[in-house]
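Below, each chain spelled out in residue letters.
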Amino acid sequence: MGKIKVGFGFDVHQLKENHPFVLGGVKLEHHSGAYGHSDADVLLHAICDALLGAANLRDIGFHFSNKDDRWKGISSLILLQHVVALIKEKGFVIGNIDAMVCLEAPKINPHIPAMQTYIAEAAAISEEDISIKATTNEQMGFIGREEGVVAYAVCLIERE
Ligand SMILES: [Zn+2]
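Structure report, in brief. What you are looking at is a predicted structure, and each value in this text was computed from that prediction instead of being measured. (Residues numbered from 1 in each chain as written. Predicted model: local features only at pLDDT ≥ 70, side-chain atom pairs only at ≥ 80, totals over all residues. Heavy atoms only, no water.)

Before going further, it helps to examine the nonpolar core. Counting residues in each nonpolar core, the largest one holds 50 residues, and the members touching the most others are Leu-23, Leu-43, Ile-47, Leu-51, Leu-80, Ile-94 and Ile-157. Elements supplying a minimum of two residues to this core: strand E2 (21-23), strand E3 (26-28), helix H1 (42-54), helix H3 (76-89), strand E5 (92-102), helix H4 (112-123), strand E6 (130-135) and strand E7 (148-159). For this core, the element with the most residues is H1, which contributes 10 residues. Each residue touching Leu-80, except ones within four places of it in the same chain, is listed here: Leu-44, Ile-47, Cys-48, Leu-51, Ile-119, Ala-122 and Ala-123. (Core = buried A, V, L, I, M, F, W, Y, C linked by side-chain atoms within 4.5 Å. Buried < 20%, exposed > 50% of the residue type's maximum accessible area, 1.4 Å probe, protein only. Helix = DSSP H or I, 4+ residues; strand = E, 2+ residues; numbered from the N terminus. Contact = heavy atoms within 4.5 Å.)

Printed below as a string of structure tokens:
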């Protein structure tokens, strides 16, 4: 077995009324949505940061500045493809990804299989190697007040 490395990612976005809500590449039907420079896909951003961290390639803001118009409104699935290419250039393949989304509403469980499909395609790995979990914040804090959404991810990468 080649050298294995672990990575961790975290992301947070504000929720705004009447704004699209893209999560794991899926457009959710909801009265509010995550706001940001790209499509504000908090799950994909946490996964990108976990992968970059594992390969010691800085963070998502280093590669995709929110002052760069190339990334304005872009699908984060494209950012994920870029990140996977970067870690591949460094000689790594993805072992697995485990992620957690923390939000009060809507329920994302029904959408998890579709998210796995999108992420598997963008990262060129098996859906079996992508775990997505969800929890609420028990109505506490900014997540509980539906002011924001948070995601965490860990991943394992291996030297080819
Ligand atoms: Zn983000």
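For the rest of this paragraph, the subject is the pattern of salt bridges. Working definition: two side chains of opposite charge can pair if their charged atoms are close together. Tallied over the entire structure, the rule returns 3 salt bridges. Among the salt bridges present, the one from Asp-68 reaches Arg-70, with a minimum N-O distance of 2.9 Å. The partly exposed category is assigned to Asp-68, whose relative accessible area is 22%. Exposure remark for Arg-70: the relative accessible area of 58% places this residue in the exposed category. Residue Asp-98 is joined to Lys-133 by a salt bridge in which the shortest nitrogen-to-oxygen separation is 2.7 Å. Residue Asp-98 is located in strand E5, and its partner Lys-133 is located in strand E6; the two are separated by 35 residues in the primary sequence. Using a relative accessible area of 27% as the deciding quantity, one classes Asp-98 as partly exposed. (Salt bridge = Lys/Arg side-chain N within 4 Å of Asp/Glu carboxyl O.)

Moving on, we come to the sheet that holds strand E4 (residues 32-35). In spatial order, the strands read E4-E1-E7-E5-E6; together these 5 strands make up an open sheet with mixed pairing. Each edge of the open sheet carries a strand with a single partner, namely E4 and E6. Within this sheet the neighbouring strands show an average axis-to-axis angle of 25 degrees, counted without direction. Bridge analysis of strand E1 (residues 4-17) against E4 gives 4 bridges, and the strand direction is antiparallel. What sits directly across from Gln-14, in E4, is Tyr-35. (Pairing = 2+ DSSP bridges. Axes fitted to C-alpha atoms, helices over the stretch in contact; angles between N-to-C directions.)

The next thing to look at is the side chain of Asp-11. Take Asp-11: it is sitting in strand E1. No salt bridge is formed by the buried Asp-11; the nearest opposite charge belongs to Lys-67, separated by 14 Å. Polar contacts involving the side chain of Asp-11 include one to the side chain of His-13, which spans 3.1 Å. Beyond its immediate chain neighbours, meaning those up to four positions away, Asp-11 contacts Val-42, His-45, Ala-46, Val-149, Val-150 and Ala-151. (Lys, Arg positive; Asp, Glu negative; His and termini not counted. Polar contact = N/O pair within 3.5 Å; in protein donor to acceptor, adjacent residues only side chain to side chain.)

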